[in-house]
2 protein chains.
Amino acid sequence: MATKLLSRFAWATSPFIVSAPMRIMSSPALAFAVSQAGGLGFIGPGAKTQDTETDLEEAKKLVEKAKTSSNYFGGSSPSDQSTLPVGIGYQLWGDDIEVAVRTIERFRPCAAWLYAPKNGPQDFDDWSRRIRQASPKTEIWIQIGTLAEARQLLQNTEKPDVVVVQGAESGGHGRAKDGLGLMSLFPEVADVMKGSEINLLAAGGIADGRGVAAALCLGASGVAMGTRFLAATEARISKGYQEEIVRASDGAVSTTRTLLYNHLRGTFGWPPEYSPRTIINKSYEEHTAGRAFDDLKALHDEALKGGDSAWGPEGRTATYAGAAIGLIHDVASAGEIVHHIREEARSRVQCLASD
Amino acid sequence: MATKLLSRFAWATSPFIVSAPMRIMSSPALAFAVSQAGGLGFIGPGAKTQDTETDLEEAKKLVEKAKTSSNYFGGSSPSDQSTLPVGIGYQLWGDDIEVAVRTIERFRPCAAWLYAPKNGPQDFDDWSRRIRQASPKTEIWIQIGTLAEARQLLQNTEKPDVVVVQGAESGGHGRAKDGLGLMSLFPEVADVMKGSEINLLAAGGIADGRGVAAALCLGASGVAMGTRFLAATEARISKGYQEEIVRASDGAVSTTRTLLYNHLRGTFGWPPEYSPRTIINKSYEEHTAGRAFDDLKALHDEALKGGDSAWGPEGRTATYAGAAIGLIHDVASAGEIVHHIREEARSRVQCLASD
């Protein structure tokens, strides 16, 4: 299964490492760097759906520029150049399907990652059909976090090419209440999906080669990481935010799922099934101690004016991140991250096999 | 590290599979069957500490009887017969150290598994010292579920031989609020313990060879399973309870952590850091719907009289189990379970290595 998936992305190398479409932070440069390193990079949803057009335009320019270099995909360029070697992510509850489909038709990213529908599986069917009509070679990737969603997808008319199974350890928006650690969730989803032609990727709480190797053992055809790539030089992220990703540890106690920071930022409308994991700071501490939202909002907005000091233990700003933050100790280029993690995963498996 | 650990248990085979000391349910027969299959079986804490004496007496008889058979440990009996080839578990907050030490001195189990202290790391130090004085060859295994506990253990005078790292997916009593999925928790604990001579085992949410292989990739020297062995023929468990383990699936929504069933059973006194994961049934459903505890207690006690129907979706009795229940589909002998899971884990790693 893993080999079959890899063969669909000519440049990709095993184990298959994917950078997840983190809203705004997964920049075109990040996505393309991950693909160039033999993985697959996704551009994140933008503040508005329109932004993905700008981002794909930028990705296209990066690709065109790289093509003029002898180093484009290590000298062996993808044979099928009818799609762009990056993916694009959408949050279905908030994104505009018309704009999205028009953009995909124009730029033909190799994959579209669909998440967080407002109307359940029906939205996945609608988006998948429209995208496939507009760009038949764009793969449909769908992110889920529960067994129920896996069962629903099998009933859908438009079967996804890939299902990303996200464990409760994940950062950013995941399941609010019915999430489960990947160690138990993934194999149970895999058993339900068995017999379908759908490839499964693992996501959530993985930030190094040990986690990648573990996910492959659970049956994943590859791994999607988010938080690890927040500490990539190409991420579209404030320095203060990035430094906090490197600094923080002990995800069990230093992160939590809460809607507080969405509300402080003025973000409303996520379907109730979802809640984001964030690194805890002053806003959350004072919120749980009973301080009024209006106070917290004023302090939050004031903190934002302070730039990078808005993040960190004394900060007040959303710092969405996964529970594996304790495994991230440095900022590196996305290419270095992919190469390093891939080698670590490979050697872990080889070492166990010779035990 | 894994090889070094295995060499201390002459009969053990890689990957190292351990049956956890589940209170009452981990019987002498279960523990010995797991050891005879090349793993290591632990007898659970009893209702009273005194019970472990009876259980170790029974285990000793099983061992003596097996010794007269040519099939004792497949014909190659453990060279060091100064310890009993089974372990024993204690819940430090409730167990009597004097009775425990006296029992260990008399029966010399090969390992003692210590869990849930009332006075934090000091209790581990006290119990470890006393046990080592009484039976120097009895290994000290300590179960933790947080990074903070790992750091504390490194400061202790009496270093454990093995630390069992339990993820939030686990069944029965685990961390109440600061638990985390094994996928992120294990590697971070491993990094903190690096450089110590302590072997790490993984536990929580693992019920098949995929999970065992994954845990080895994360850096574990072996895996401890509880719930999987509730569906062993040798488990000391009601038929209704065991059938529910086999029936239930989707651990994310069909299990939860709650103290309700402890209280319904009249169990009080667990330190506040702990709360048990159980399969949800009528008691919990009605509790969350607001029904009074006294009502629930009366119905619970009445249900108990009904025997096996006290468990199941319409039941009212504690059904402690891990989130991996969806991976357990049959009752088998402990030996078959160990052999099957070990083969599955081995072939998973070999298959990945040749990819």
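Cut-offs used in this document
- As a convention, each chain's residues are numbered from 1 in the sequence order in which they are written.
- Chains and ligands are labelled by the order in which they are written, letters from A for the one and numbers from 1 for the other.
- Thresholds applied to this predicted model are a pLDDT of at least 70 for local features of residues and 80 or more for the giving and counting of side-chain atom pairs; totals over whole chains, interfaces and linings are not thresholded and use all residues.
- Water and hydrogen atoms play no part in the side-chain values, which are based on all heavy atoms of the structure.
- Secondary structure is summarised from DSSP: a helix means a run of H or I of at least four residues, a strand means a run of E of at least two, and numbering begins at the N terminus for each.
- The reference for a compact globule is 2.2 Å times residues^0.38; the radius of gyration itself is calculated from the C-alpha atoms.
- Working definition: with a 1.4 Å probe on protein chains only, accessible area under 20% of the residue-type maximum means buried, over 50% means exposed, and in between means partly exposed.
- Here a residue-residue contact requires only that any non-hydrogen atoms of the pair lie within 4.5 Å.
- Here, Shrake-Rupley sampling with a 1.4 Å probe gives the accessible areas, and only protein chains in the shown set may cover a residue.
- Here a polar contact means two N or O atoms within 3.5 Å. Within protein one must be a hydrogen donor candidate and the other an acceptor candidate, and residues neighboring in sequence count only if both atoms are side-chain atoms.
- In superposing the copies, a least-squares fit is computed on C-alpha atoms, taking residues whose pLDDT is at least 70 in both.
- What makes a salt bridge here is a side-chain nitrogen of Lys or Arg within 4 Å of a carboxyl oxygen of Asp or Glu, nothing more.
- A pair of strands is labelled paired if DSSP reports no fewer than 2 bridges between them.
- Under this scheme, a helix contributes an axis fitted over its contacting stretch, all axes are lines through C-alpha atoms, and angles between N-to-C directions fall in the 0 to 180 degree range.
- Buried area is calculated as the accessible area (1.4 Å probe) missing from two parts once they are joined, with the contributions of both summed.
- The source of the domain bounds is an automatic or database domain assignment.
- Classes in brief: Ala, Val, Leu, Ile, Met, Phe, Trp, Tyr, Cys and Pro nonpolar; Asp, Glu, Lys and Arg charged; the others, Gly included, polar.
- Buriedness of a pocket was judged along seven lines, with at least five required to meet protein on both sides within 12 Å; pockets are open sets of points on a 1 Å grid over the protein atoms alone, cavities are sets where a 1.4 Å probe fits but cannot get out, and lining residues have an atom within 4 Å of a point.
- Grid points are joined across faces, edges and corners, and a volume is the space filled by probe spheres set on the points.

K.L.:
A description of the overall build of chain A should follow, citing residues and the corresponding values.
P.N.:
Tallying secondary structure elements over chain A gives 15 helices and 11 strands in all. Computed over its C-alpha atoms, the radius of gyration of chain A comes to 19 Å, within 12% of the 20 Å expected for a compact globule of 355 residues. Reported as C-alpha extents along the three principal axes, the dimensions of chain A are approximately 55 × 50 × 45 Å. Of all 355 residues assigned to chain A, the portion counted as buried reaches 62%. Contacts in chain A between residues far apart in sequence, at least 24 positions, make up 70% of those at least 6 positions apart. Total accessible area on chain A is roughly 13,200 Å²; 50% of this is exposed by carbon and sulfur atoms.

K.L.:
Can you lay out the environment of R210 of chain B for me, pointing to particular residues and giving the numbers?
P.N.:
Looking at the element boundaries, R210 of chain B is found in helix α8 (residues 209-218). Overall, R210 of chain B belongs to the buried group, its relative accessible area being 13%. Distance from R210 of chain B to S19 of chain B, taken between C-alpha atoms, is 17 Å for residues 191 residues apart in sequence. For R210 of chain B, the side chain forms a polar contact with the side chain of D191 of chain A, separated by 3.0 Å.

K.L.:
Requested: an account of the relation of the copies chain A and chain B, with residues and values cited.
P.N.:
Structural alignment of chain A on chain B gives an RMSD of 0.0 Å, achieved by rotating through 180 degrees and translating 0.0 Å along the axis. When the rotation and shift are considered jointly, the pair of chain copies conforms to a two-fold rotation axis. Minimal C-alpha separation from the rotation axis in chain A is found for A214 of chain A, amounting to 1.9 Å. Of the interface residues in chain A, 100% have counterparts in chain B that sit at the interface too, so the contact is made through matching surfaces.

K.L.:
Tell me about the pattern of salt bridges, and please be specific about residues and values.
P.N.:
Tallied over the full model, the rule gives 48 salt bridges over all chains. Residue R236 of chain B pairs with D55 of chain B through a salt bridge whose shortest N-O separation is 2.8 Å. Here R236 of chain B, found in the loop between α9 (227-230) and α10 (239-247), pairs with D55 of chain B, found in helix α3 (residues 50-67); they are 181 residues apart in sequence, far enough to count as distant. Note that K297 of chain B and D301 of chain B form a salt bridge whose closest N and O atoms lie 3.4 Å from each other. In this pair, K297 of chain B and D301 of chain B both sit in helix α14 (residues 293-304), 4 residues apart, roughly one turn of the helix. A relative accessible area of 26% means that K297 of chain B is categorised as partly exposed. D301 of chain B gets classed as partly exposed once you look at its relative accessible area, which sits at 30%. In the salt-bridge network here, residues are joined through shared partners; they are E286, R291, D295 and R316 of chain A.

K.L.:
Residue-level account of the sheet that holds strand β8 (residues 199-203) of chain B, with values.
P.N.:
Residues and elements named next belong to chain B. Ordered in space as β1-β2-β3-β4-β5-β6-β8-β9, the 8 strands form a closed barrel in which the pairing is parallel. With strand direction ignored, the average angle separating the axes of adjacent strands in the sheet is 25 degrees. In the sheet, strand β3 (residues 84-91) pairs with strand β4 (residues 109-115) via 6 bridges, with the strands oriented parallel. Following the sheet pairing, Q91 is matched in β4 by Y115. Helix α4 (residues 97-107) contacts β3 and β4 of the sheet and is inclined by roughly 175 degrees relative to β3. Together, β5 (139-144), β6 (162-166) and β8 form the strand contacts of helix α7 (residues 182-193), whose direction differs from that of β8 by roughly 170 degrees.

K.L.:
So, helix α10 (residues 239-247) of chain A: which residues are in play, and what are the values?
P.N.:
Within the sequence span of α10 of chain A, burial applies to G240, Y241, Q242, E244 and I245 of chain A. Buried-residue contacts for α10 of chain A involve α9 (227-230) and β11 (274-279) of chain A.

K.L.:
Break down the interface of chain A and chain B for me, citing the residues and quoting the values.
P.N.:
With 41 residues of chain A in contact, the opposing surface of chain B contributes 41 residues. For the pair chain A and chain B, the two sides together bury roughly 3,400 Å², of which 60% comes from carbon and sulfur. Broken down residue by residue, the surface that chain A buries against chain B is led by M183, R210 and C217 of chain A, which jointly contribute 20%. Where chain A packs against chain B, one counts 2 salt bridges. A salt bridge links D191 of chain B to R210 of chain A, with the nearest nitrogen and oxygen atoms 3.0 Å apart. For the side of chain A that touches chain B, the elements supplying multiple residues, two or more each, are α7 (182-193), α8 (209-218), α11 (251-254) and α15 (334-353) of chain A.

K.L.:
Now, about the domain arrangement of chain A: what can you tell me, with residues and values included?
P.N.:
The extent of an interface is frequently quoted as the accessible surface area lost upon association of the parts. Residue and element names in this part refer to chain A. Per the domain assignment, the segments of chain A are domain 1 (2-239 + 328-353) and domain 2 (248-310). Averaged C-alpha coordinates put domain 1 and domain 2 at centres separated by 27 Å. The interface formed by domain 1 and domain 2 contains 0 salt bridges. One can count 12 residue pairs in polar contact (both at pLDDT 80 or more) joining domain 1 with domain 2. Examining the composition of the side of domain 1 that touches domain 2, we find that 4 residues originate from one element, strand β7 (residues 172-175), more than from any other. Classifying every residue of the side of domain 1 that touches domain 2 by side-chain character gives 6 nonpolar, 8 polar and 6 charged.

K.L.:
Give a detailed account of empty space enclosed by the protein, specifying residues and quantitative values.
P.N.:
In this structure the tally under the stated criterion is 1 cavity of 30 Å³ or more. Of the voids in this model, the largest cavity is the one considered here, and its volume is about 30 Å³. Here the lining of the largest cavity is composed, by residue class, of 1 nonpolar, 6 polar and 2 charged.

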